[in-house]
Amino acid sequence: MSLKILLLGAGGREHALTWKLAQSPLVEHIYVCPGNGGTNQEAKASNLNLPLHDSPQLVDFAVKTGVNLVVPGPEQPLVDGVEMYFRKVGIPVFGPSPLAARMEGSKSFSKYFMARHSIPTAKFRVFQSSQIDEAIHYVKTCGHLVVLKADGLAAGKGVLIPQSEEEAIAGLKNILVENVFGAAGNQVVVEEQLTGPEISVLAFSDGYTVVPLPAAQDHKRIGEGDVGLNTGGMGAYAPAPVASPAIMKQIMEESLRPTIDGMRRDGFPFVGMLFTGFMLTSNGPKVLEYNVRFGDPETEALVLLLDQKADLAAILLACAEHRLDSVPVPIRNGVAVSVVLASAGYPGSYAKGKQIQFGELPPDTVAFHAGTEQKSGATLTAGGRVLVAAAFASTLGEALKIVYQAVDQISFEGKTYRRDIAHRPVFVALKVSGSNQGLTYAQAGVSVDAGNTLVEVIKPFVRSTRRSGADAEIGGFGGVFDLKATGYIDPVLVSGTDGVGTKLRVAVDAGIHDSVGVDLVAMSVNDLLVQGAEPLYFLDYYGCSKLDVAIASQVIQGIAEGCREAKCALIGGETAEMPGMYQQGDYDLAGFAVGAVERERILPSNNIVAGDILLGIASSGLHSNGFSLVRKILGTTNLSYSSPCPWDTTLTLGRALLKPTAIYIKQILPAAQAGYIKGMSHITGGGFVENIPRVLPKELGCSIDAASWELPPVFQFLMKQGGVEPLEMARTFNNGIGMVVIVSESSATLVTETLRKAGNAEIYQIGRVTSKVGVVMENIHVWNPT
């Protein structure tokens, strides 16, 4: 495949990308819009004089010239939706959608995202311009120094780091009242000021796979010793020694992977370069901010770390086509450094048009152009950051030596640069790595804060399950239930415990977590119902490797919903965060229910006889059994959980499969308490064949007429797609009948009508108790797909 690439941007980052992309055998030509005085000097490259923010005009050019990959450099076009314009005409873009670009375009959006997905970050509050008084009060009472961030894009200058309460209040007034950042400051994020070394991690992603590059450290201040005004960056080096393998592993597991997975689950998958800033605190790495593009000046160093075998064009195209896992990203062993050469006066006002002279650069160094232009054969300054000298060597010391040799070979009037790039003290790295500092529970992968946050989030859900006997308050060491308050005369307690089985695997893979909690309750309380018992209270267990508060709260909200439907109280539970016990992103569930029944109403009764009628109560779907076979069958198809459901196109396949298990308490319990029912069987794993005999006397069996109800479409699909024999269906799935009730022949009509009036599930007369032991499936041939 021959690639024509449209690269958007004009800085040192874009020159570095052009330089590396031009080395790819896949690349035919690179159009750099608008480019600079260096981009059009690269092989295969030319500058394009079109307005950078006129997406329709750029699309028109791309279509007419056969461009088949677009690479936006700066953030503004991405936030403005340039990816969407090219997507509409079928041209791949290495860059996120406008929805995903909000991760950089709105600081408040990204902070709420991090909170929702339990990604480590600083504590924060968001204030509108009309809330200046509330913001000032927060600064005065929060008990820590703060950082002020204008919500929108502010050309990299929208962050203030006040060192006192007075400075913070002045900063709030500047942002919210005086509008020093314009519309970007219509709201402000006020967050806890963290301490520790900062690093930047740039990672390729196709929306599913994430491949980080070595961590870099940049230098924002204009002056040596990190003093003076903030800039777009005065230099960088990578890999940063402070980012040990253990820290990079922690960043991948706690931040990068949850970010990519969370964005996909939230409906805006990330494609492109995720550029994440981290503070390495004493409690582990915490995210400072997200950017949705290559960093500058980090990119100028990082392209030198890409191995000669690394085809950057192939990598970017693989990301855009969602197949990053098929392309290698090899990294060279060594260190790369970049040093920015700026105009005098930068980041304030500066003169342009100064001629640049180049001497002979040392081997393994490159001079990337940023703010330059070509006029009459001369290279002139045309920006604040003019050039970026970059070097690669086997050691940091050697890389620094040759990069500054390259700096000395470049001259222009007013050349300004820092001489201390990469000279941060080594003891900082030692301190953060833990050699001089005791370990914490958080560094072991367990977040007490996340657990406490979850408890607060779910308290309203739990309170909604209150009933007589329980106040449904959590946070103590045990749950309390007052049996006397229920009014039973001679109660017998009945208990049950269950899980959700591999239906949970489907929920995790589909990213749908709001219904499995209902399943968890249903599996236990339906088992209590079979004994004739009323569910009284429920407890849950939630185990995971890394607690994601957003996911866990969805699950527990479902548990509370199930408890309300079953009219039982959720009185407690256990949330266990166990690093290394589960795969990243996975979790496990278990439920425990207790109910009560008057001693004389315990089921099954001892008067079940041959001739009694079996009533089938319709299921809501698959319920929570047979999912190992379901997943096996789906593996033979080209369907994903996000595909339209074959039997109900109004739903995705994942949502249809995860339809929650029916809870039969309201529909059946009154009839059981009235003495109308002799016995019940909950059709779970083992289907009819295994479950119905459990309630019958040993000398009796039953016959079931498979033609007495219509096999629901989901079971028809599974049977046909998997070639599953009818009898195997009968011993694996519920096949549309979730509960079987045994009644006398004389009361069958009365009980049927009673059950129909009490609930929405349809009632069928599906068979009889017989004197022959076992289960006979009659007319099962009608299930055969036509």
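Residues numbered from 1 in each chain as written. Predicted model: local features only at pLDDT ≥ 70, side-chain atom pairs only at ≥ 80, totals over all residues. Heavy atoms only, no water.

1. Some details on the overall build of the protein
Then, in step 1: When helices and strands are tallied, the protein shows 24 helices and 35 strands.
Then, in step 2: By its C-alpha atoms, the protein is 105 × 60 × 45 Å across when sized along the principal axes.
Then, in step 3: Taken across its 786 residues, the protein has 57% of its residues classed as buried.
Then, in step 4: With an accessible surface of roughly 32300 Å², the protein has 51% of that area assigned to carbon and sulfur atoms. (Helix = DSSP H or I, 4+ residues; strand = E, 2+ residues; numbered from the N terminus. Buried < 20%, exposed > 50% of the residue type's maximum accessible area, 1.4 Å probe, protein only. Areas by Shrake-Rupley, 256 points an atom, 1.4 Å probe, with all protein chains shown as cover.)

2. Examining the sheet that holds strand β3 (residues 45-47)
Then, in step 1: As summarised here, the arrangement of the 4 strands in space is β3-β2-β1-β4, forming an open sheet in which the pairing is parallel. Two strands close off the open sheet at either side, each with one partner strand: β3 and β4 (69-72). Neighbouring strand axes in the sheet, compared pairwise and without regard to direction, differ in orientation by 20 degrees on average.
Then, in step 2: Its contacts with the sheet put helix α1 (residues 12-21) on β1 (3-9), β2 (27-34) and β3, and the angle it makes with β1 is roughly 165 degrees. (Pairing = 2+ DSSP bridges. Axes fitted to C-alpha atoms, helices over the stretch in contact; angles between N-to-C directions. Contact = heavy atoms within 4.5 Å.)

3. Regarding the packing of aromatic side chains
Then, in step 1: Tallied over the full model, the rule gives 17 aromatic pairs.
Then, in step 2: Summarising the aromatic geometry, the rings of Phe113 and Tyr290 are spaced 6.5 Å apart at their centres and angled 80 degrees between planes, so their arrangement reads as edge-to-face. Here Phe113, found in helix α6 (residues 107-116), pairs with Tyr290, found in strand β16 (residues 284-291); they are 177 residues apart in sequence, far enough to count as distant. As far as burial versus exposure is concerned, Phe113 and Tyr290 are alike and both buried.
Then, in step 3: An angle of 45 degrees between the planes, with centres 5.9 Å apart, marks the rings of Phe127 and Tyr138 as tilted. With Phe127 in strand β5 (residues 124-128) and Tyr138 in helix α7 (residues 132-141), this residue pair connects regions lying 11 residues apart in the sequence. (Phe/Tyr/Trp six-rings, centres within 6.5 Å; stacked < 30°, edge-to-face > 60°.)

4. A closer look at the side chain of Lys286
Then, in step 1: Position of Lys286 relative to the elements: it lies in strand β16.
Then, in step 2: Not counting chain neighbours up to four residues away, the residues in contact with Lys286 comprise Pro120, Thr121, Leu194, Gly277, Phe278, Met279 and Thr281.

5. Let's talk about the nonpolar core
Then, in step 1: Ranked by size, the top nonpolar core spans 103 residues in total, and within it Tyr587, Ile668, Met680, Phe688 and Trp783 carry the most contacts.
Then, in step 2: Dropping the residues within four chain positions of it, Ile668 is found in contact with Leu529, Ile617, Ile677, Met680, Met739, Val741 and Leu755.
Then, in step 3: Counting residues in each nonpolar core, the second largest holds 52 residues, with Leu21, Phe94, Val327 and Val388 among its members. (Core = buried A, V, L, I, M, F, W, Y, C linked by side-chain atoms within 4.5 Å.)

6. A closer look at the confidence of the model for the protein
As a general rule, the predicted coordinates of low-pLDDT regions are not to be interpreted in detail.
Then, in step 1: Averaged over the protein, the pLDDT score is 91; the fraction of residues at 70 or greater is 96%.
Then, in step 2: When the criterion is pLDDT under 50, residues 425-436 qualifies, and its contacts beyond four places in sequence or with other chains add up to 11 contacts. (pLDDT = per-residue confidence, 0-100.)

7. Quick word on the sheet that holds strand β15 (residues 271-281)
Then, in step 1: If you walk across this open sheet you meet the 4 strands as β10-β9-β15-β16, and the pairing is antiparallel. The open sheet is flanked by β10 (210-212) and β16, the only strands paired with a single partner. For this sheet, the mean angle separating the axes of adjacent strands, direction not counted, is 35 degrees.
Then, in step 2: Here strand β9 (residues 198-206) pairs with β10 via 3 bridges, running antiparallel. Paired with Ala203 across the two strands is Pro212, which belongs to β10.
Then, in step 3: Contacting β9 and β15, helix α11 (residues 312-320) crosses the sheet at an angle of about 70 degrees to β9.

8. Overview of empty space enclosed by the protein
Then, in step 1: Considering all chains together, one arrives at 3 cavities of 30 Å³ or more under this definition.
Then, in step 2: Empty space within the largest cavity amounts to approximately 50 Å³.
Then, in step 3: What lines the largest cavity is Leu213, Phe294, Thr299, Leu302, Val303, Leu306 and Leu312.
Then, in step 4: The leading source of residues in the lining of the largest cavity is helix α10 (residues 298-305), at 3 residues. (1 Å grid on protein atoms, 1.4 Å probe; cavity = no way out; pocket = protein on both sides within 12 Å on 5 of 7 lines; lining within 4 Å. Points joined across faces, edges and corners; volume = space filled by probe spheres on them.)

9. Focus: the packing of helix α5 (residues 98-105) against α6
Packed helices, taken two at a time, are described by the angle their axes make and the gap between the axes.
Then, in step 1: Where α5 meets α6, the axes come as close as 6 Å, and the angle between the chain directions of the two elements is 100 degrees. Classified by the angle their axes make, α5 and α6 are roughly perpendicular. Of the residues in α6, those touching α5 at Arg102, Met103, Glu104 and Gly105 are Lys107, Phe109, Ser110 and Phe113.
Then, in step 2: Here the contact of α5 with α6 is built from residues that sort into 3 nonpolar, 2 polar and 3 charged. (Parallel < 35°, antiparallel > 145°, perpendicular 65-115°, else oblique. Nonpolar A, V, L, I, M, F, W, Y, C, P; charged D, E, K, R; others polar.)

10. Some details on the pairing of strand β19 (residues 365-369)
Then, in step 1: Within β19, 5 of the 5 residues are buried, which leaves the element mostly enclosed by the surrounding structure.
Then, in step 2: Every second residue of β19 is oriented toward a common face, with Thr365, Ala367 and His369 on one face and Val366 and Phe368 on the other, all of them buried.

11. Regarding the packing of helix α18 (residues 627-634) against helix α22 (residues 713-722)
Then, in step 1: Running from N to C, α18 and α22 point in directions that differ by 55 degrees, and their axes come no closer than 9 Å. As summarised for this structure, α18 and α22 are arranged oblique, according to the angle between their axes. As for the relative orientation of α18 and α22, their crossing is left-handed in sense. Facing α18, whose interface residues are Val630, Ile633 and Leu634, α22 presents Phe717, Leu718, Gln721 and Gly722.
Then, in step 2: Taken together, the residues of the contact of α18 with α22 sort by class into 5 nonpolar, 2 polar and no charged. (Left-handed = near helix turned anticlockwise from the far one by under 90°.)

12. Observations concerning the environment of Cys319
Then, in step 1: Considering the arrangement of structural elements, one finds Cys319 in helix α11.
Then, in step 2: When the C-alpha positions of Cys319 and Phe270 are compared, they lie 9.7 Å apart, and in sequence the two are 49 residues distant.
Then, in step 3: Not counting the four nearest positions on each side in its chain, Cys319 is found in contact with Phe94, Phe204, Ser205, Asp206, Val271 and Leu324.

13. Some thoughts on helix α24 (residues 748-758)
Then, in step 1: Along α24, the residues classified as buried are Ala748, Val751, Thr752 and Leu755. The arc that holds every buried residue of α24, seen down its axis, measures 105 degrees, which confines them to one face. Exposed residues lying more than 90 degrees from the buried face of α24 are Thr749 and Lys757.
Then, in step 2: Here the buried face of α24 lies against β28 (613-618), α20 (665-673), β33 (737-743) and β34 (763-770). (Arc of directions from axis to C-beta.)

14. Brief notes about the environment of Gly616
Then, in step 1: Locating Gly616 in the fold gives a position in strand β28.
Then, in step 2: On the accessibility criterion, Gly616 (0% relative accessible area) is buried.
Then, in step 3: As for Gly616 and Thr18, which are separated by 598 residues in sequence, their C-alpha atoms are 69 Å apart.
Then, in step 4: In contact with Gly616, not counting residues within four places along its chain, are Ile737, Met739, Glu762, Ile763, Tyr764 and Ile766.

15. Some details on α11
Then, in step 1: Of all the 9 residues making up α11, 9 are buried; the element is thus mostly covered by neighbouring parts of the structure.
Then, in step 2: For α11, the set of buried residues is Leu312, Ala313, Ala314, Ile315, Leu316, Leu317, Ala318, Cys319 and Ala320.
Then, in step 3: Lining the buried residues of α11 we find β1, α1, β2, β4, β9 and β15.
Then, in step 4: Of the residues trailing α11, His322 is marked for its positive phi of about 60 degrees.

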